[in-house]
Amino acid sequence: AQISIGGHTGACARRTDGSVSCWRGVAGLEEPPRPVAELTGVEELDLDGSGWGYGATPACLRVAGKVRCGIFAAERIASGQPFGDLAEVALDSPARALSLRGIRSCALLEDDTVACWWLATPRENLGVTPLFPQRLAATDVAEVVVGLGTEICLRKRDGSVWCRKD
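Thresholds applied
Residues numbered from 1 in each chain as written. Predicted model: local features only at pLDDT ≥ 70, side-chain atom pairs only at ≥ 80, totals over all residues. Heavy atoms only, no water. Helix = DSSP H or I, 4+ residues; strand = E, 2+ residues; numbered from the N terminus. Buried < 20%, exposed > 50% of the residue type's maximum accessible area, 1.4 Å probe, protein only. Contact = heavy atoms within 4.5 Å. Disulfide = S-S within 2.5 Å. Core = buried A, V, L, I, M, F, W, Y, C linked by side-chain atoms within 4.5 Å. Pairing = 2+ DSSP bridges. Axes fitted to C-alpha atoms, helices over the stretch in contact; angles between N-to-C directions.

### Notes on the environment of Ser93
- With respect to the helices and strands, Ser93 occurs in the loop between strand 8 (87–88) and strand 9 (95–101).
- Its relative accessible area of 13% is what places Ser93 among the buried residues.
- Considering only alpha carbons, one finds Ser93 and Thr113, 20 residues apart in sequence, at a separation of 9.2 Å.
- Apart from the residues within four sequence positions on either side, Ser93 is in contact with Leu109, Glu110, Asp111 and Arg135.

### Structural notes on the state of the cysteines
- Evaluation of the coordinates by the stated rule reveals four disulfides.
- Sulfur-sulfur distance for the disulfide between Cys60 and Cys69 comes to 2.1 Å. Taking the sign of the torsion about the S-S bond as the criterion, the disulfide between Cys60 and Cys69, at about 100°, is right-handed.
- Judged by relative accessible area, which is 0%, Cys69 ranks as buried.
- Cys153 shares a disulfide with Cys163; S-S distance 2.1 Å. Judged by the torsion about the S-S bond (115°), the Cys153/Cys163 disulfide is right-handed. Highlighted residues: Cys153 in strand 14 (residues 151–156) and Cys163 in strand 15 (residues 161–165), separated in sequence by 10 residues.
- Once the disulfide-bonded cysteines of the chain are ranked by sequence position, their pairing pattern turns out to be 1-2, 3-4, 5-6, 7-8.

### Brief notes about the nonpolar core
- Ranked by size, the top nonpolar core spans 14 residues in total, and within it Cys12, Val20, Cys22, Phe72 and Phe83 carry the most contacts.
- Considering every element that reaches this core, the biggest residue donor is strand 5 (residues 42–47), with three residues.
- When residues no more than four places from it in sequence are discounted, the contact partners of Phe83 are Cys12, Val20, Cys22, Val36, Leu39, Leu47, Ala59, Leu61, Gly70, Ile71, Phe72 and Arg76.
- Among the nonpolar cores identified, the runner-up in size contains 12 residues, and Val67, Cys69, Ala95 and Leu119 belong to it.

### Digging into the sheet that holds strand 14
- If you trace the three strands from one edge of the open sheet to the other, you get 13-14-15, paired in antiparallel fashion. Edge positions in the sheet fall to strand 13 (141–146) and strand 15, since each of these pairs with one other strand and no more. Neighbour to neighbour, the strand axes of the sheet diverge by 15° on average, direction disregarded.
- Direction of pairing for strand 13 relative to strand 14: antiparallel, over a ladder of five bridges. Considered in strand 14, the bridge of Glu143 is made with Arg155.

In structure tokens form, the structure reads like this:
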């Protein structure tokens, strides 16, 4: 199971069976958790908790090695679709882990490499478009972390750490 907080608007939990429930408010539940019916088999979810704003925050989900991103908006929880339309990220290898901060996301791929992309977020419809997924020039990666700005750090299998700022 996993919990991810979406800034000040709400949070979601991924249960051990791969289902997802979301709720408004973080300090205390403003409403009971509601299941997100269309999401099953979710292996990982990541909401940007940096306070991105506008009552919504970027979100990415990993299902069967594929990554889909959207905008989590607490006011949509009651409708059962808090993520709106999810767009699939065009990765050339299955993902096994995610990291998301702000509008920057990265995935650790099954071949121990990393692909990163920007999320274009038109505020009019709270949609999201994953832009330019690119592989980083790194191999044997064990973990990837995206910082609040444009920083990306990788922990390699030999224990070394490699960071860059775009």
